[in-house]
Amino acid sequence: MIVCSCTGISDADIHSAIDWMRAADPDTIITPGKVYRALGHKADCGTCLPLFLSTMQASPALGVPAELRGLRRRKARF
């Protein structure tokens, strides 16, 4: 399925780029901009961003690295 019609990026392209980035650096923080750059493109009109993000979220390789999980601070109770 084509996710970005301006650049012709498909959902398979997005998943492949995420897999490649995760394999290259397991601790990297993957952003839409990094995915675009890995595919040799840049965002154009931005209309695809909601679909682009949901496609990224569906990738099993997008998860947060284990050592970064649970780092959120808990709110102090007063």
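Before reading on, note that the structure itself is shown above.
1. Description of the packing of aromatic side chains
Piece 1. On inspection of all chains with the given rule, the structure shows one aromatic pair.
Piece 2. Summarising the aromatic geometry, the rings of Tyr36 and Phe52 are spaced 4.6 Å apart at their centres and angled 5° between planes, so their arrangement reads as stacked. In this pair, Tyr36 is assigned in helix H2 (residues 32-38) and Phe52 in helix H3 (residues 49-57), connecting sequence segments 16 residues apart. No difference in accessibility class separates Tyr36 from Phe52, as the two residues are buried.

2. Structural notes on the nonpolar core
Piece 1. One finds Ile14, Ile18, Val35, Phe52 and Met56 to be the most contacted residues of the largest nonpolar core, which totals 14 residues.
Piece 2. If you list the elements that add at least two residues to this core, you get strand E1 (2-4), helix H1 (11-24), H2 and H3.
Piece 3. Ranked by the residues each element gives to this core, the list is headed by H1, at four residues.
Piece 4. Those residues within four positions of Ile14 in sequence are excluded, and the remaining contacts are Val3, Ile9, Val35, Leu39, Phe52, Thr55 and Met56.

3. Section: the packing of H1 against H3
Piece 1. Two elements in contact, H1 and H3, have axes whose closest approach is 9 Å; the angle formed by their N-to-C orientations is 50°. With respect to their mutual orientation, H1 and H3 come out oblique. The handedness of the crossing between H1 and H3 comes out as right-handed. On H3, the residues that touch Asp11, Ile14, His15 and Ile18 of H1 are Phe52, Thr55 and Met56.

4. Topic: H3
Piece 1. Among all positions of H3, only Phe52, Thr55 and Met56 are buried. Considered in projection along H3, the buried side chains sweep an arc of 100° and stay on one side of the axis. Summarising the geometry of H3, the exposed residues directed more than 90 degrees from the buried face are Pro50 and Gln57.
Piece 2. Tucked into the core, H3 has its buried residues touching E1, strand E2 (9-10), H1 and H2.

What counts as what
Residues numbered from 1 in each chain as written. Predicted model: local features only at pLDDT ≥ 70, side-chain atom pairs only at ≥ 80, totals over all residues. Heavy atoms only, no water. Phe/Tyr/Trp six-rings, centres within 6.5 Å; stacked < 30°, edge-to-face > 60°. Helix = DSSP H or I, 4+ residues; strand = E, 2+ residues; numbered from the N terminus. Buried < 20%, exposed > 50% of the residue type's maximum accessible area, 1.4 Å probe, protein only. Core = buried A, V, L, I, M, F, W, Y, C linked by side-chain atoms within 4.5 Å. Contact = heavy atoms within 4.5 Å. Axes fitted to C-alpha atoms, helices over the stretch in contact; angles between N-to-C directions. Parallel < 35°, antiparallel > 145°, perpendicular 65-115°, else oblique. Left-handed = near helix turned anticlockwise from the far one by under 90°. Arc of directions from axis to C-beta.

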